[in-house]
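# Close look at the chain arrangement
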Amino acid sequence: MSDTLLMNGALPRAPSMRVRAGQALKAAAALWFAVMVAGQTIFVAYIVSFYGGAVAAGDWLRWNKVLPVGYVPGDRAGNAALAAHLAIAAFVTLAGPLQLIPALRARHPALHRWSGRVYVAVAVVTALAGIYMIWTRNAAGDMTQHWGTTLNGVLIMLCAFVAVRHAMARRLDVHRRWALRLFLVVSGSWFFRVGLLFWILVNGGPVGFDPKTFTGPALNVLVFGESLLPLALLELYLRARDAGGARRKLAVAAGLALLTLAMGVGIFGASMAMWLPHVHG
């Protein structure tokens, strides 16, 4: 009887393996996004509390407690670039995830469009300010790290341009892909911090780099990985989501789950070592 009802459509069919794999991939991506947003929220709280608090108190030199090259008396252009970079970094870090929430886009399309324009503009300004500072302020690290940071800035501007171009042409599916890429490369410096603390925690200390000079092969890999690795992982996810079989979807879902765990470890380390000690209620 049950077989007859199933054939006639009276009983629901069990989800296919591919459907279940797609659900697993979607859940893994949602978990990754939630953990990342939680970590970035802590990062924004740190920027506002520490750097904003120093400005409010008129104690700009407080920045130098955590930055190798922070406030430099007399360097108006450099200080202005740094202040703009920090303020805008807080905005784009907080606003970026809001651009990616489908329900918000559907219910408030005008808000999405205008906030997206602001997001793109400030992301480009942040990239330009970052590139300016890395080459003019004797920043920490070696030339390899400077070029890695410059690559991140160039990728921000490239992704911003292409995302806007497709949005203007109403190619919205392609636009959303480039918006995702933009979100990831804008988060590059955040990925660097989280990756650095993950590396230190799993190795029990600074392995592969000198913490005094902030140079070494581990940092050279990390500074390029902050942009290229998230972009590569996004491509794997998109291909598995759109055209992958069940095994491919499950493999990517498992990979995302492991990366979410690693990211969570890095967020915990960065929060305890760098961010939360400077957040004051």
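The coordinates are above.
What comes next concerns the included structure. (Residues numbered from 1 in each chain as written. Predicted model: local features only at pLDDT ≥ 70, side-chain atom pairs only at ≥ 80, totals over all residues. Heavy atoms only, no water.)

## Observations concerning the overall build of the protein
- Per the secondary structure count, the protein includes 10 helices and 0 strands.
- Beginning at the N terminus, the succession of helices and strands in the protein can be written as α-α-α-α-α-α-α-α-α-α.
- The long-range fraction of contacts in the protein, counting pairs at least 24 apart against all pairs at least 6 apart in sequence, stands at 68%.
- Looking at the protein as shown, the accessible area adds up to about 15,300 Å², and 69% of this sits on carbon and sulfur atoms. (Helix = DSSP H or I, 4+ residues; strand = E, 2+ residues; numbered from the N terminus. Contact = heavy atoms within 4.5 Å. Areas by Shrake-Rupley, 256 points an atom, 1.4 Å probe, with all protein chains shown as cover.)

## A closer look at the side chain of Arg181
- Among the secondary structure elements, Arg181 is positioned in helix 7 (residues 172-186).
- With residues near it in sequence (within four places) discarded, Arg181 still touches Cys159, Leu231, Leu234, Glu235 and Leu238.

## With respect to the packing of aromatic side chains
- Under the definition given, this model contains 7 aromatic pairs.
- For the ring pair Phe43 and Trp275, a centre distance of 5.1 Å and an interplane angle of 50 degrees mean the geometry is tilted. Remark: Trp275 occurs in helix 10 (residues 246-275) and Phe43 occurs in helix 2 (residues 17-56); sequence separation between them is 232 residues. With respect to burial, Phe43 and Trp275 carry one shared label: buried.
- Grouped by ring-pair contacts, the aromatic residues Phe43, Tyr46 and Trp275 constitute a single cluster.
- The residue whose ring lies beneath Arg181 is Trp178, and the NZ or CZ to ring-centre distance is 4.5 Å. (Phe/Tyr/Trp six-rings, centres within 6.5 Å; stacked < 30°, edge-to-face > 60°. Buried < 20%, exposed > 50% of the residue type's maximum accessible area, 1.4 Å probe, protein only. Lys NZ or Arg CZ within 6 Å of the ring centre and 35° of its normal.)

## Brief notes about the nonpolar core
- Of all hydrophobic cores here, the largest spans 52 residues; its most connected members are Leu182, Trp190, Tyr237, Leu256 and Met263.
- Per-element accounting of this core gives the leading share, 11 residues, to helix 2.
- Apart from the residues within four sequence positions on either side, Trp190 is in contact with Met36, Gly39, Gln40, Phe43, Met263, Ile267 and Trp275. (Core = buried A, V, L, I, M, F, W, Y, C linked by side-chain atoms within 4.5 Å.)

## Describing helix 8 (residues 188-203)
- For helix 8, which comprises 16 residues, the first-to-last C-alpha distance of 22 Å matches the rise-based estimate of 22 Å (1.5 Å per residue) to within 8%.
- Among the residues of helix 8, those classed as buried are Gly188, Trp190, Phe191, Phe192, Val194, Gly195, Leu196 and Leu197.
- Just downstream of helix 8, Gly204 is the residue with a positive phi angle, here 70 degrees. (Expected span 1.5 Å × (residues − 1).)

## What to know about unusual backbone geometry
- For Arg170, which is not glycine, the phi torsion reads 65 degrees and is therefore positive.
- At Phe214, a position not held by glycine, the phi torsion is positive, near 55 degrees.
- Assignment of secondary structure puts Phe214 in the loop between helix 8 and helix 9 (217-243).

## Focus on the side chain of Glu226
- You can see Glu226 is positioned in helix 9.
- For the buried Glu226, no salt bridge exists, and the shortest N-O distance to an oppositely charged side chain is 7.0 Å, to Arg193.
- When residues no more than four places from it in sequence are discounted, the contact partners of Glu226 are Asn152, Gly188, Ser189, Phe191 and Phe192. (Lys, Arg positive; Asp, Glu negative; His and termini not counted. Salt bridge = Lys/Arg side-chain N within 4 Å of Asp/Glu carboxyl O.)

## Re the packing of helix 5 (residues 109-136) against helix 6 (residues 143-168)
- One way to put it is that helix 5 packs onto helix 6 with a least axis distance of 9 Å and a crossing angle of 160 degrees. With respect to their mutual orientation, helix 5 and helix 6 come out roughly antiparallel. The way helix 5 lies across helix 6 gives a crossing that is left-handed. Contacts between helix 5 and helix 6 involve Val120, Ala123, Val124, Ala127, Leu128, Ile131, Ile134 and Trp135 from the former and Met143, His146, Trp147, Thr149, Thr150, Gly153, Val154, Ile156, Met157, Ala160 and Val164 from the latter. (Axes fitted to C-alpha atoms, helices over the stretch in contact; angles between N-to-C directions. Parallel < 35°, antiparallel > 145°, perpendicular 65-115°, else oblique. Left-handed = near helix turned anticlockwise from the far one by under 90°.)

## Some thoughts on the environment of Gly255
- With respect to the helices and strands, the residue Gly255 is situated in helix 10.
- Along the chain, Gly255 and Leu25 lie 230 residues apart, while their C-alpha atoms are 9.7 Å from each other.

## Details of a nonpolar patch on the surface
- On the surface, Leu201, Leu261, Val265, Phe268, Met272 and Leu276 cluster together into a nonpolar patch covering about 580 Å² of accessible area.
- The leading source of residues in the nonpolar patch is helix 10, at 4 residues.
- Checked against the element boundaries, Leu261 lands in helix 10. (Patch = residues over 30% accessible without salt bridge, like charges linked within 9 Å, V, L, I, M, F, W, Y side chains within 5 Å.)

Geometric descriptors of this kind do not, in isolation, establish any biological role.
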